[in-house]
Amino acid sequence: MSDREWRERAERVVAAGASTGSKRPATMFGGEHHDAPSHFVRALGCRVVTVDGATLIDCTMALGAVALGYADDEVVRRVWRVAANGSVAGLNHILEVEIAERLCAVVPCGERALFTKSGAEGVAAAVRLARTYTGRDVVVGSGYFGWLDWCSDSAGVPDGVKRDFVAVPWGDSGALGAAVAAAGDRLAAIVVEPVVEREPPDGWLAHARALADRARAVLVFDEIKTGFRLHPGGYQAIAGVTPDVAVFGKALANGFPLAAVVGHADVMEAARHTWISGTLAGEAVALAAAQAVLDRHEREDVCPRLRGVGARMRGAVVDALDHAGIAGVGVEGLDPMWFIRWSDAARETRFLAGAREAGVLFKRGAYDYAALAHDDEEAISAIGQAAAAGFDAVRRLDTEGQ
Ligand SMILES: Cc1ncc(COP(=O)(O)O)c(C=O)c1O
């Protein structure tokens, strides 16, 4: 059955065509998505095999959930062993304790941890803990924290919920200070993504820390993209600014469903005074994957290697761009999480289509993610060649309108 047929089946039976909004073909590829692949059958290393049998080098790495590589041997072995021995029961699996201990050892704010299945659920748990701990309601946030009601202004979110969340532009100290002042003694938490497309402006995280301290509110860092990618302890280990609570996900379990809320004991123990509970929150398949990831970080310098591999990936794209000599496009971001910024959406979708035809999946917008599995000369040179093909397609669009 062809990809087109799978896509049609999905459109008939999966709401909105895909359960992950970010993986809907129109979101992934923009306007020209009708010939783009929508479903895969195998993902190994940094390569994805589509339903139509094409093998594509993947720079999206499951939206950053996979930093070692798809179906990493060691992760798969651990997962098999735990699955074969029963990964869930009416009691708590011992891996929940081990992984909590190990996270508390590597994360600067870590004294207690709790687990959830998705990043959005993890940040929502952090916010619930902050509200319980402070006895207050208002949350000031800067970044993306997932799809759940508390931080969303999407259709279907009640106005009453929206009133207690104030979004401020990322990196804007003035806006953050004003929102905190307006919240006054109703402020429960400041929640920030420490990195959004670039490292934070000097002093921004320290300013958030000082504002939270002054207001006696909880400072939460959303480290879902940064943890186990920029540093195993999260960006807080790089910035030297320690939040009260941090949330990890994505690379933590190399593609298995796990997020961890890690933080100071006083705030985290507020879990005893509210209700946070998931039937499968402590299931051990994802915890086994995290165990393999933690072991790898202990044995090897995974984050410096991701920086090196990412630099080679983006370097290959920058070289192709220099050679193509087209305007209105640049390569930005950090080496382990970089992206191509386009000034024009139609040119971006044409680039993505041209690169895809040449065998490489780039992400629309942020980010293209490095994985250890991209540490492969063949992959890096394919990325450069596909970028060149994509830029060439854009040049044809520019000059001939086709
Ligand atoms: C910074 C950040 N926070 C939260 C989330 C939500 O995580 P999930 O999609 O696992 O619910 C994401 C997902 O992209 C994220 O990047």
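What you see is a predicted model; the values in this text were computed from it and never measured. (Residues numbered from 1 in each chain as written. Predicted model: local features only at pLDDT ≥ 70, side-chain atom pairs only at ≥ 80, totals over all residues. Heavy atoms only, no water.)

Undergrad: Which parts of the structure should I look at to understand the overall build of the protein?
TA: Secondary structure summary: the protein contains 15 helices and 14 strands in total. The C-alpha radius of gyration computed for the protein amounts to 22 Å, which stays within 12% of the reference 21 Å derived for 402 residues, consistent with globular compactness. Summarising its shape, the C-alpha atoms of the protein cover approximately 60 × 55 × 45 Å along the three principal directions. Residue burial in the protein is summarised as follows: out of 402 residues, 52% are buried. Surface exposure of the protein reaches about 17800 Å², of which carbon and sulfur atoms provide 51%. Charge separation in the protein, taken as the distance between the mean sites of 42 positive and 53 negative side-chain charges, equals 3 Å. (Helix = DSSP H or I, 4+ residues; strand = E, 2+ residues; numbered from the N terminus. Rg over C-alpha atoms; globule rule 2.2 N^0.38 Å. Buried < 20%, exposed > 50% of the residue type's maximum accessible area, 1.4 Å probe, protein only. Areas by Shrake-Rupley, 256 points an atom, 1.4 Å probe, with all protein chains shown as cover. Lys, Arg positive; Asp, Glu negative; His and termini not counted. Charge placed at Lys NZ, Arg CZ, Asp CG, Glu CD.)

Undergrad: Explanation requested: the sheet that holds strand β14 (residues 368-369) in the structure shown.
TA: Strands in a sheet are paired, the pairing made by backbone hydrogen bonds, and the direction either parallel or antiparallel. Read across the sheet, 3 strands follow the order β11-β12-β14 without closing on themselves; strand pairing throughout is antiparallel. Every interior strand has two partners, whereas the edge strands, β11 (329-334) and β14, have only one. Direction of pairing for β11 relative to strand β12 (residues 337-342): antiparallel, over a ladder of 6 bridges. Opposite E332, over in β12, you have F339 as the bridge partner. Sheet strands in contact with helix α13 (residues 302-324) are β11, β12 and β14, and its direction is about 170° off that of β11. (Pairing = 2+ DSSP bridges. Contact = heavy atoms within 4.5 Å. Axes fitted to C-alpha atoms, helices over the stretch in contact; angles between N-to-C directions.)

Undergrad: What is the right way to read the site of the ligand from this model?
TA: Taken together, the neighbourhood of the ligand is formed by S118, G119, A120, Y144, F145, G146, E193, D222, I224, K225 and K250. Between an oxygen atom of the ligand and a main-chain N or O atom of G119, the distance comes to 2.9 Å. The separation between a nitrogen atom of the ligand and a polar side-chain atom of D222 is 2.6 Å. Within the complex, the protein chains bury 79% of what would otherwise be the 380 Å² of accessible surface of the ligand. Of the pockets mapped on this structure, the ligand occupies the largest pocket. Residues of the shell around the ligand, tallied by class, amount to 4 nonpolar, 3 polar and 4 charged. (Near = heavy atom within 4 Å. Polar contact = N/O pair within 3.5 Å; in protein donor to acceptor, adjacent residues only side chain to side chain. 1 Å grid on protein atoms, 1.4 Å probe; cavity = no way out; pocket = protein on both sides within 12 Å on 5 of 7 lines; lining within 4 Å. Sits in = over half its atoms within 2 Å of the grid points. Nonpolar A, V, L, I, M, F, W, Y, C, P; charged D, E, K, R; others polar.)

Undergrad: For this particular structure, what's the right way to read the sheet that holds strand β3 (residues 55-58)?
TA: Strands sit in the order β1-β2-β3-β13 across an open sheet of 4 strands; the sheet is mixed. One side of each edge strand has no neighbouring strand; the edge strands of this open sheet are β1 (40-44) and β13 (360-361). Here 4 bridges tie β1 to strand β2 (residues 47-50), and the two strands are oriented antiparallel to one another. When the bridges of β2 are listed, A43 appears paired with V48.

Undergrad: In this structure, what is going on with the pairing of strand β5 (residues 138-142)? I would like to understand it.
TA: Two faces, one strand: in a regular strand the side chains alternate between the faces of the sheet. Among the 5 residues of β5, 5 are classified as buried, and the element is accordingly described as predominantly covered. Burial along β5 is two-sided: the face carrying V138, V140 and S142 and the face carrying V139 and G141 are both buried. Of the pairings in the sheet, the one linking β5 to strand β7 (residues 187-192) comprises 5 bridges and is parallel in character. From the neighbouring strand, V138 faces β7, where its bridge partner is L187. Of the strand pairs in this sheet, β5 and strand β6 (residues 165-167) are connected by 3 bridges, and their pairing is parallel. Along β6, the bridge assignment pairs G141 with A167.

Undergrad: I would appreciate a short explanation of the layout of surface pockets in the present structure.
TA: Empty space among the atoms becomes apparent when a probe as large as a water molecule is rolled across them. A volume near 1400 Å³ is recorded for the largest pocket. Taken together, 48 residues make up the lining of the largest pocket; nearest its centre are T20, A62, L63, A65 and K250. Broken down by secondary-structure element, the contributors of at least two residues to the lining of the largest pocket are α2 (25-29), α3 (61-64), α4 (73-84) and α6 (119-134). Per-element tally for the lining of the largest pocket: the top contributor is α4, with 4 residues. Counted by class, the lining of the largest pocket contains 23 nonpolar, 14 polar and 11 charged residues. Two domains each put at least three residues into the lining of the largest pocket: domain 1 (3-70 + 302-383 + 392-400) and domain 2 (73-299). Considering only enclosed or pocket space, the second largest pocket measures out at about 900 Å³ in volume. If you trace the second largest pocket, you find 32 residues lining it, with L114, F115, I276, S277 and A281 closest to the centre. Taken together, the elements giving at least two residues each to the lining of the second largest pocket come down to α5 (94-106), β4 (112-116) and α6. (Points joined across faces, edges and corners; volume = space filled by probe spheres on them. Domains from an automatic or database assignment.)

Undergrad: What is the right way to look at the side chain of R78 in this model?
TA: Examined against the element boundaries, R78 turns out to sit in helix α4. Ignoring anything within four residues of it in the chain, the contact list for R78 reads A288, Q291, A292 and D295.

Undergrad: Is there a simple way to think about the domain arrangement of the protein in this case?
TA: It is common to give the size of an interface as the accessible area lost on bringing the parts into contact. If you check the domain split of the protein, you get domain 1 (3-70 + 302-383 + 392-400) and domain 2 (73-299). A straight line from the C-alpha centre of domain 1 to that of domain 2 covers 27 Å. By the criterion of area lost to domain 2, the three top residues of domain 1 are L68, C303 and L334, representing 31% of everything that side buries. Put simply, domain 1 and domain 2 have 1 salt bridge between them. Across the pair R341 and E197 runs a salt bridge whose closest N-O atoms are separated by 2.7 Å. (Buried area = accessible area lost by both parts, 1.4 Å probe. Salt bridge = Lys/Arg side-chain N within 4 Å of Asp/Glu carboxyl O.)

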